[in-house]
Amino acid sequence: MEKLPDDHLLSLSFAKVMAAFGFVNDALACATKCLDSPDVDEELKADVLNTFANPHFEKGNFSNALVCHNKSLAITIGRVGETHQDVAQSFNNIANANCMLGHLDTALQFYNKSLDIVQTLYGGKHNTVADAYNNIGNVYMKKGNTDEALQFYHKCLTIQLEVKGNNHPELADVYDNIGKVLSGQGDPHQALEYHNKSLAINLPTLGEDHPSVGSTYNSIANIYSDLGFLEKALEYHAKSLDNKMHTFGDNSPQVASTYNNVATVYSDKGDTAKAMELYQRSLAIQLDTLGESHPDVSASCNNIANLHIERQEMDKAFDYYNKALAIRVQIYGENHPDMADTYFNMGLDHETMKDYDTAHRCMSKALEIQRSILSEEHPEVQRTLRVIKSMPK
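Presented here is a report on the structure given in the accompanying data block. (Residues numbered from 1 in each chain as written. Predicted model: local features only at pLDDT ≥ 70, side-chain atom pairs only at ≥ 80, totals over all residues. Heavy atoms only, no water.)

### Let's talk about the packing of helix 4 (residues 62-80) against helix 5 (residues 85-100)
- With their axes 9 Å apart at the nearest point, helix 4 and helix 5 run at an angle of 165 degrees to one another. Between helix 4 and helix 5, the angle is such that the two are roughly antiparallel. By crossing handedness, the relation of helix 4 to helix 5 is classed as left-handed. On helix 5, the residues that touch F62, L66, H69, N70, S72, L73, T76, I77, R79 and V80 of helix 4 are D86, V87, S90, F91, N93, I94, A97, N98 and M100.
- Residues that form the contact of helix 4 with helix 5 fall into these classes: ten nonpolar, seven polar and two charged. (Axes fitted to C-alpha atoms, helices over the stretch in contact; angles between N-to-C directions. Helix = DSSP H or I, 4+ residues; strand = E, 2+ residues; numbered from the N terminus. Parallel < 35°, antiparallel > 145°, perpendicular 65-115°, else oblique. Left-handed = near helix turned anticlockwise from the far one by under 90°. Contact = heavy atoms within 4.5 Å. Nonpolar A, V, L, I, M, F, W, Y, C, P; charged D, E, K, R; others polar.)

Written out as structure tokens, the structure is:
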């Protein structure tokens, strides 16, 4: 971008457009120009701060996004008071950032604050209230409290059916969320029913190339993979990949994510060479589009490390686990589910090498993080406990 627009509102609009299309550096430049101006009023400054947070969020700089949203909240409360839709939205933004940072209890606290405001403003049967229920359900899902997640998704669904009718895309999103919960609860066949309900709404209303359709294809593929129907999983991943290529282009983070998923299926099929090719292709796109310090890059490094374990290439596995760990520490600090995941995998690696002391330290660190964030009944906590119990001293 050679020249930034001079008008503040135009700069802000430019920033929003650039962020939406993934040009995060241009978005930051426009927002910074507007934010640094001394004659920007408080309302516009709060809007700029939220806009400034969006490209940070896209780059995986969730702590920076949180700082922006907190500053925006302080300005907004001073301007309109505590019971206002703009404050509810600020609480929601702060909850989103905390959720990505793994601060799930804090996220839940802010989502509930947002819910309290919108219920006061709009009553119980309003689309904004339904969205709040959906967000709370998402946090409970991350915490592993699937019964609570299902309860809030159904609250959201009840409102959406009454307010939007039977055939609205937002209803399809809730069906997908319920499908994911049911899959996590070990009910893949009912989960498939809900994902197919989502497709029945979105395909005729949004079309084959809409991102929501691609996400549903991905969820269906994951279920078939869990059921062991690997060819069927590949079929739906291919649909998801075609969708994302049409929507976002070949060199996009969304396409990279799908390559990761397809690679996992090939790994399950025992074709580690094809899996490695796809993981590396995914990583190359992510490095090109997201930079080195992004959660998706750390996830790819983690997956590549896991595959090296399968191939008994321990030194290479350690290299990639350490890359994943370094990125995650930078983004999240020590206390995040993804950090626990990396420590868990490193523990398995050391166990394979019969370095049981180090394996126990890694597993204990993973369990410490998981217990600080997740419920004791969460599948990942239970899995770590089983591994520690079965591991030689």
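The structure having been displayed, the exposition proceeds.
### Brief notes about the side chain of K244
- Looking at the element boundaries, K244 is found in helix 12 (residues 230-248).
- Put simply, K244 is tucked away with no salt bridge, and the nearest opposite charge, on D296, sits 9.8 Å away.
- Not counting residues within four places of it along the chain, the set of residues in contact with K244 comprises G214, G249, Q254, V255 and T258. (Buried < 20%, exposed > 50% of the residue type's maximum accessible area, 1.4 Å probe, protein only. Lys, Arg positive; Asp, Glu negative; His and termini not counted. Salt bridge = Lys/Arg side-chain N within 4 Å of Asp/Glu carboxyl O.)

### Notes on the environment of A97
- Its location among the elements puts A97 in helix 5.
- Counting along the chain gives 31 residues from A97 to L66, while the straight-line C-alpha distance between them is 5.7 Å.
- Residues in contact with A97, not counting those within four places in the same chain, are F57, F62 and L66.

### Points about unusual backbone geometry
- A positive phi angle, near 60 degrees, is found at Q312, a position not held by glycine.
- Here Q312 is to be found in the loop between helix 15 (295-310) and helix 16 (314-332).
- Judged by relative accessible area, which is 56%, Q312 ranks as exposed.

### Details of helix 18 (residues 356-373)
- With 18 residues, helix 18 extends 26 Å between its outermost C-alpha atoms, agreeing within 8% with the 26 Å of an ideal straight helix rising 1.5 Å per residue.
- For helix 18, the elements touching its buried residues are helix 6 (104-122), helix 7 (127-143), helix 17 (337-352) and helix 19 (379-390). (Expected span 1.5 Å × (residues − 1).)

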